[in-house]
Amino acid sequence: MTATIIDGRKMADALKEQVAAEARALAADGIRCGLATVTVGNDYGSRAYVTRIERITSRLAVPHQAVSLPADSTQEAVRDTVARLNADASVSGVLILRPLPPHLDEAGIFQALSPVKDIEAVHPDNAGLLALGRPRYLPSTAASIFHVLDGWLDAAGEDRADFYHRSLIVVIGRSNNVGKPAVSLAYDRQAAVESIDVWASRAGRLGWHTRRADVLIVAAGVPGLIRSEHIKEGAIVLDVGINPLLDPASGRTRTVGDVDFDDVINRARAVTPVPGGIGPVTDVWLVRNTVTAARNALITSPEPK
């Protein structure tokens, strides 16, 4: 068996057309739309993501304000930045990039964010709505995982409901921005779901869990973690990893996933590459949420006196 390589870039291009049309409709209605990103420190993954966001917002003509704070920023300084963006009428969506430096109280910073501008559903109100199956926003990476999977199932001629009802989805990684929302979205599709993290690996049971998966979602942040021996034949493998890998010969850094792509391709039914898989769709979905947030802000604004 040679896996189908799922082309995330092609899916992202189709989604771009929808988002661009929505953005044009906003502009025609006189509704302001804009994205702000906040990074604290110099994390490789965060920097790479902001670069991608700058490209996609430029292509879709959605203003982007990139705020970069030093790694030693205080809790008060970060919260003040969030408060400024909450009050900025030109910003409809705010993304606070993880990881934050360990001295910061992440939950306290997320709680300071306006729920209407919280396009990644990290505020407790939005996280709760997501867990209840009534999301204000679908976090972009988790939403993109299932957008890609749904699209691939359609192209393969699979009935979505039948596939999910008979499938076990295993999610590696329990982060608040990817792993946990992905579990919620899998539940919404009425699949059987398992959530595992580093403890499964430390207990020597990683393969025991992953080899049972019909769909394996890998968001561990460990390059090359999943190899062919970790998956059952015919599994669908969705790689969310964004890891820097330094080539000692050239001195250049390239991005790799959590899956050993070359090793699993002859055992999986389908697999997403890194780059070019989930990432391009995630970028567009973030802008989509920003457009949705602009309309939500209009709905929730008080009537003028």
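Here, every reference points to the structure presented above.
So, how was this worked out
Residues numbered from 1 in each chain as written. Predicted model: local features only at pLDDT ≥ 70, side-chain atom pairs only at ≥ 80, totals over all residues. Heavy atoms only, no water. Helix = DSSP H or I, 4+ residues; strand = E, 2+ residues; numbered from the N terminus. Polar contact = N/O pair within 3.5 Å; in protein donor to acceptor, adjacent residues only side chain to side chain. Contact = heavy atoms within 4.5 Å. Expected span 1.5 Å × (residues − 1). Buried < 20%, exposed > 50% of the residue type's maximum accessible area, 1.4 Å probe, protein only. Arc of directions from axis to C-beta. Pairing = 2+ DSSP bridges. Axes fitted to C-alpha atoms, helices over the stretch in contact; angles between N-to-C directions.

**Notes on the side chain of Thr 210**
Phase 1 of the analysis: One can find Thr 210 in helix α10 (residues 206-210).
Phase 2 of the analysis: At a separation of 2.5 Å, a polar atom in the side chain of Thr 210 contacts the main-chain carbonyl oxygen of His 230.
Phase 3 of the analysis: The residues contacting Thr 210, other than those within four sequence positions of it, are Ile 172, Ile 196, Leu 216, Ile 226, His 230 and Ile 231.

**Overview of helix α2 (residues 44-59)**
Phase 1 of the analysis: Here α2 is 16 residues long and its end C-alpha atoms lie 23 Å apart, about the 22 Å a rise of 1.5 Å per residue gives.
Phase 2 of the analysis: Those residues of α2 that sit buried are Ser 46, Tyr 49, Val 50, Arg 52, Ile 53, Ile 56 and Thr 57. End-on, the buried residues of α2 take up no more than an arc of 170 degrees, which puts them together on one face. Turned more than 90 degrees away from the buried face of α2, the exposed residues are Ser 58 and Arg 59.
Phase 3 of the analysis: Where α2 starts, the residue carrying a side-chain oxygen 3.2 Å from the main-chain nitrogen of Gly 45 turns out to be Asp 43.
Phase 4 of the analysis: Where α2 ends, the next residue or the one after it, Ala 61, has phi of about 60 degrees, a positive value.

**Quick word on helix α6 (residues 140-155)**
Phase 1 of the analysis: Under the 1.5 Å per step criterion, the end-to-end length of α6 is 22 Å for 16 residues, consistent within 8% with the ideal 22 Å.
Phase 2 of the analysis: Counting buried residues in α6 gives 12 out of 16 residues, a clear majority hidden from the surface.
Phase 3 of the analysis: Among the residues of α6, Ser 140, Thr 141, Ala 142, Ala 143, Ser 144, Ile 145, Phe 146, Val 148, Leu 149, Asp 150, Trp 152 and Leu 153 are the ones counted as buried.
Phase 4 of the analysis: Gly 157 occupies a position one or two residues after α6 and carries a positive phi of about 80 degrees.

**Describing the sheet that holds strand β7 (residues 215-218)**
Phase 1 of the analysis: Strand order in the open sheet made by the 6 strands is β1-β11-β8-β7-β5-β6, with parallel pairing throughout. Bordering the open sheet on either side are β1 (4-5) and β6 (192-196), each of which pairs with just one other strand.
Phase 2 of the analysis: For β1 and strand β11 (residues 270-271), the ladder comprises 2 bridges, and the chain directions are parallel. Across the sheet, Ile 5 pairs through a bridge with Val 271, a residue of β11.
Phase 3 of the analysis: Relative to the sheet, α6 contacts β1, β5 (168-172), β7, β8 (236-239) and β11, its axis offset from that of β8 by approximately 150 degrees.

**Comments concerning the pairing of β5**
Phase 1 of the analysis: Counting buried positions over the 5 residues of β5 gives 5, a clear majority of the element.
Phase 2 of the analysis: Residues Leu 168, Val 170 and Ile 172 of β5 are buried on one face, and the alternating residues Ile 169 and Val 171, pointing to the opposite face, are buried as well.
Phase 3 of the analysis: By the bridge criterion, 4 bridges tie β5 to β7 in an arrangement that is parallel. Bridge assignment links Ile 169 to a residue of β7, and that residue is Val 215.

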